[in-house]
Amino acid sequence: MNACTAIGWANTLTVTLDGGTADVSLVQLCIDDECSIPAPSDILGPEDLEMYTPDPRAVKLPYFASKINDHSWEIDLSMSSPDKVTLRAFSANGIVLAEEDMTLSWVRVGGSERCGGPEEAAPVTIEITT
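All residue numbers here refer to positions counted from 1 along the written sequence of the relevant chain. pLDDT decides what is reported in this predicted model: residues at 70 or higher carry local features, side-chain atom pairs at 80 or more are listed and counted, and totals for whole chains, interfaces and linings draw on all residues regardless. Hydrogens and water molecules were not included; the side-chain quantities draw on all heavy atoms of the structure.

Focus on the overall build of the protein
Piece 1. For the protein, the helix and strand inventory stands at two helices and 11 strands.
Piece 2. A run of H or I in DSSP becomes a helix once it reaches four residues, and a run of E becomes a strand once it reaches two; helices and strands are each numbered from the N terminus. Shown N-terminal to C-terminal, the secondary structure of the protein runs as helices and strands in the order β-β-β-β-α-α-β-β-β-β-β-β-β.
Piece 3. The rule is simple: take the accessible area with a 1.4 Å probe, protein chains only, and divide by the maximum for that residue type; under 20% is buried, over 50% is exposed, in between is partly exposed. Evaluated residue by residue, the protein yields a buried proportion of 33% over its 130 residues.
Piece 4. Long-range contacts, defined as pairs at least 24 residues apart, comprise 64% of the intrachain contacts of the protein with a sequence gap of at least 6. Pairs of residues are marked as contacts when any of their non-hydrogen atoms sit within 4.5 Å.

Structure representation (structure tokens):
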């Protein structure tokens, strides 16, 4: 039998912020020209989230960024495992507080070599210097 049982998974990247994080309102990850957006749960109230439906015309799901706490964010990359990314931290009024290009190293933690599976990269840190 050559069937692959895992039909989808989500790779996530943890981003740790060092320095003055009080003004950070968004962390964004970009792969080439495609950037993450805030997770729906971070921008919608509970009643709106119940009614949230992704646009069915979307060809590809966006990457989502979720704030865990003042010093930690998580980026949902769907099934992507990019080698090179750009990370940015923004203030509420859109000022870039930090920007850094990074190379990630992913390790498969499930599935199989033939069928693929979820992967993990070590958490990354960006320094907020403003």
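Moving on from the coordinates now.
As for unusual backbone geometry
Piece 1. Positive phi, normally seen in glycine, also occurs at aspartate 32, with a value near 55 degrees.
Piece 2. Mapped onto the fold, aspartate 32 is located in the loop between strand 2 (24-31) and strand 3 (34-35).
Piece 3. In this structure, serine 78 takes a positive phi of about 55 degrees despite not being glycine.
Piece 4. Within the secondary structure, serine 78 is located in the loop between strand 6 (72-76) and strand 7 (84-91).
Piece 5. Residue serine 78 is classed as partly exposed on the basis of its relative accessible area, which comes to 30%.

Some details on the confidence of the model for the protein
Piece 1. Confidence per residue, as judged by the predictor, is encoded in pLDDT with a range of 0 to 100. When pLDDT is averaged across the protein, the result is 84; 79% of the residues are at 70 or more.
Piece 2. For the protein, the element scoring lowest by mean pLDDT is helix 2 (residues 46-51), at 57; strand 8 (residues 96-103) scores highest, at 96.

What about the environment of valine 107?
Piece 1. Mapped onto the elements, valine 107 comes out in strand 9 (residues 106-108).
Piece 2. Between the C-alpha atom of valine 107 and that of glycine 117, which follows or precedes it by 10 residues, the distance is 9.9 Å.
Piece 3. For valine 107, the residues in contact, after removing those within four places along its chain, are Pro118, Glu119 and Glu120.

Let's talk about the side chain of arginine 88
Piece 1. Among the secondary structure elements, arginine 88 is positioned in strand 7.
Piece 2. For this analysis, a polar contact is any N or O atom pair within 3.5 Å, provided that within protein one partner can donate a hydrogen and the other can accept it, and provided that sequence-adjacent residues contribute only side-chain to side-chain pairs. Of the polar contacts made by the side chain of arginine 88, one reaches the side chain of glutamate 99; its length is 3.4 Å.
Piece 3. The contact partners of arginine 88, leaving out residues within four places of it in the chain, are Leu26, Val27, Gln28, Cys30, Cys35, Ala98 and Glu99.

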